[in-house]
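A structural walkthrough
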Amino acid sequence: MAFSGEGCGLLSEHPATRVLRVILHSMPSLQQHEFVIDAVQFPERIGAMNWPWTSSSRKLKQLCDEKQKLRDRLAIVKKQRDSARAHRDRAKEELRRMSAASADTLGPVDDAAQALGFSDLLMQLDKVTRELQVEKHLHENVKMDLANAEANPLPPHLDWPLPPPDLRFRIGGERAAWTFLKIGENIVGDLKKLAEAAGRDVGEFTSVLDFGAGCGRVLRFLPPVFVNAQIHAADVDPVGLAWVGGHLPFVTSTHVLPLFPPTTIPDASFDFIFAISVFTHLPLDVERAWFAELRRIARPGALIVLSYMPDTAAALHFTPELAIENVDGFSYYKTTPTDGLPDYYHVSYHTEDAIRRLAGEHFRILSVNTRAVNAHQDAVVCTSA
Ligand SMILES: C[S@@+](CC[C@H](N)C(=O)[O-])C[C@H]1O[C@@H](n2cnc3c(N)ncnc32)[C@H](O)[C@@H]1O
């Protein structure tokens, strides 16, 4: 049995996955089949969400322009109305004067009004007054949007482009833009909380490495939080990384990694390293090799945050005999290959003991945190000697 997507983590939150899980638990004979869940986009969910990116700075500018145009148009319509009003008043006055002078020669008042073009003027006035009301209404709407946008100004970095849907799918098993952005933003919040719980202020970090950055889902939200840090990205996927390098101008360096270390990154380069949803996919020998490399490139006293899937989640998706590796609390299962990622990229799980032991071979463990990353992966927080 295999699931496509991100280590079944996100997909495990998906309603379809939950239903499938219940069916598989109650009908074990089905477990021999291969199931592939292709996470699809649900555009209607965008509407259902309180989508903070609607008030982007670009939108703000567009609203200001629209408001100015409406202001100009409103002034023109007002002028038209005032001139129609003045015409009408003059015609009314003329009518009054003429009818007072010779009521019997002009005939019925309506005819007189018609003769003076008074009703045409009334119609014209009615038309411009209605136009004015519409313009005013539009103006009020734009004013409200503008006030909203100004109340929630958006830092310019959120206006950076989105990677194409296939790259988003590659790292998260979903193409939807809103999940990509929302998850990235959540995870940066989680990293901040984990650092603070370890007694570190995120403002103190000067050189941050996103290890396994993919196409920058997390990375793009770092600048306003890690305000004093140079941001570096590393990944074995050259395509995702090329997108990061080409579109996120705040990134100081990108490192395309070999499938196994060593890398060309100098010793002691970073004071904060994090890896989100990377050690949820690797076999044991690859994980061990990269832990050792992370120790080499971490500065003494650096903070290291590594997310992992707890072994309890494995039981929801796999039966033990499906494990390719199952060693002392570490297990690794084959899934549908992900386009563009290494052959060894499948899914792995750790018990708390296993992550403490494996990460503890290279780092001092500060804490192990349940569901601390986007509320579905656990995180081990460590420091280097
Ligand atoms: C599930 S994605 C997560 C991407 C990113 N951390 C995020 O949360 O958006 C896993 C990433 O790990 C990368 N990866 C796989 N094997 C790796 C390795 N040996 N070293 C570094 N990155 C690796 C993949 O290319 C992919 O970008």
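Residues numbered from 1 in each chain as written. Predicted model: local features only at pLDDT ≥ 70, side-chain atom pairs only at ≥ 80, totals over all residues.

Secondary structure summary: the protein chain contains 13 helices and 10 strands in total. A buried classification covers 34% of the 385 residues belonging to the protein chain. Put simply, 69% of the contacts in the protein chain that link residues at least 6 apart link residues at least 24 apart. (Helix = DSSP H or I, 4+ residues; strand = E, 2+ residues; numbered from the N terminus. Buried ≥ 20, exposed ≤ 12 C-beta atoms within 10 Å, placed from the backbone. Contact = placed C-beta atoms within 7 Å.)

Around the ligand there are 23 residues in total, and Gly212, Gly214, Arg217, Asp237 and Ile276 lie nearest to it. The class makeup of the residues in the shell around the ligand is 14 nonpolar, 5 polar and 4 charged. (Near = placed C-beta within 6 Å. Nonpolar A, V, L, I, M, F, W, Y, C, P; charged D, E, K, R; others polar.)

What follows is about the sheet that holds strand S10 (residues 377-383). Read from one edge to the other, the open sheet built from 7 strands follows the order S3-S2-S1-S4-S5-S10-S9, with strand pairing classed as mixed. Two strands close off the open sheet at either side, each with one partner strand: strand S3 (251-256) and strand S9 (364-373). Ignoring strand direction, the axes of neighbouring strands in this sheet form an average angle of 15 degrees. Pairing of strand S1 (residues 207-211) with strand S2 (residues 230-235) involves 5 bridges; the strand directions are parallel. The residue of S2 that forms the bridge with Phe211 is Ala234. Against the sheet, helix H10 (residues 238-247) makes contact with S2 and S3, and its axis sits at roughly 165 degrees relative to S3, the strand it touches most. On the sheet, helix H13 (residues 352-360) packs against strand S5 (298-308), S9 and S10 and is oriented at approximately 140 degrees with respect to S9. (Pairing = 2+ DSSP bridges. Axes fitted to C-alpha atoms, helices over the stretch in contact; angles between N-to-C directions.)

To continue, consider the confidence of the model for the protein chain. With 76% of its residues at a pLDDT of 70 or more, the protein chain has an overall mean of 81. Confidence over residues 1-17 falls short of pLDDT 50; this stretch has 59 contacts with residues more than four positions distant or in other chains. When the criterion is pLDDT under 50, residues 33-55 qualifies, and its contacts beyond four places in sequence or with other chains add up to 38 contacts. (pLDDT = per-residue confidence, 0-100.)

Soluble globular proteins tend to bury their nonpolar side chains together. With 73 residues, the main nonpolar core has Val208, Leu219, Val244, Ile273, Ile304, Val305 and Leu306 as its most contacted residues. When sequence neighbours within four positions are dropped, the list of residues in contact with Val305 reads Leu191, Leu194, Phe274, Ala379 and Val381. (Core = buried A, V, L, I, M, F, W, Y, C linked by C-beta atoms within 7 Å.)

Here the amide bond leading from Pro261 into Pro262 is cis, since omega sits at 15 degrees, within 30 degrees of zero. Mapped onto the elements, Pro262 comes out in the loop between S3 and strand S4 (270-275). Positive phi, close to 60 degrees, is recorded for Ser277, a residue that is not glycine. Within the secondary structure layout, Ser277 lies in the loop between S4 and helix H11 (284-297). On the basis of neighbour counts, which here come to 25 C-beta atoms within 10 Å, the residue Ser277 falls in the buried class.

Relative to each other, helix H8 (residues 165-172) and H10 sit at 120 degrees, their axes nearing to 11 Å. One element, H8, and the other, H10, form an angle in the oblique class. Here H8 and H10 pass one another in a crossing that is left-handed. In this structure, H8 uses Leu167, Arg170 and Ile171 to contact H10, whose residues at the interface are Val239, Gly240 and Trp243. Residues of the contact of H8 with H10, tallied by class, amount to 4 nonpolar, 1 polar and 1 charged. (Parallel < 35°, antiparallel > 145°, perpendicular 65-115°, else oblique. Left-handed = near helix turned anticlockwise from the far one by under 90°.)

Along the chain, the position of Ser119 falls in helix H7 (residues 118-151). The exposure class of Ser119 is partly exposed, given the 13 C-beta atoms found within 10 Å. Taking the C-alpha atoms as reference points, Ser119 and Ala91, 28 residues apart in sequence, are found 9.5 Å from one another.

Bringing the pairing of S9 into the picture now. A regular strand places its side chains so that they alternate between the two faces of the sheet. Judged from the 6 bridges that link them, S9 and S10 form a sheet pairing that is antiparallel. Within the sheet, the bridge partner assigned to Ile365 lies in S10 and is Cys382.

Glancing now at the pairing of strand S6 (residues 323-327). When S6 meets strand S7 (residues 330-333), the two strands line up antiparallel, connected through 4 bridges. Across the sheet, the residue bridging to Val327 is Phe330, located in S7. Linkage of S6 to S7, two consecutive antiparallel strands, is achieved through a turn of 2 residues, within which Asp328 is found at a positive phi near 45 degrees.

The periodicity of an α-helix, 3.6 residues per turn, causes residues three or four places apart in sequence to face the same way. Looking at H13, one finds that the buried residues are Ala354, Ile355, Leu358 and Ala359. Considered in projection along H13, the buried side chains sweep an arc of 110 degrees and stay on one side of the axis. At its buried positions, H13 is contacted by H11, S5, S7, strand S8 (347-350), S9 and S10. (Arc of directions from axis to C-beta.)

What follows concerns the sheet that holds S7. Reading across from one edge, S6-S7-S8 is the order of the 3 strands in this open sheet, with antiparallel pairing throughout. Whereas interior strands pair on both sides, the edge strands pair on one side only; in this sheet they are S6 and S8. Within this sheet the neighbouring strands show an average axis-to-axis angle of 10 degrees, counted without direction.

Within the secondary structure layout, Ala177 lies in helix H9 (residues 177-197). The partly exposed category is assigned to Ala177, around which 17 C-beta atoms lie within 10 Å.

Along H10, the residues that are buried comprise Gly240, Leu241, Trp243 and Val244. Looking straight down H10, one finds that the buried residues subtend no more than 155 degrees of arc, so they occupy a single side.

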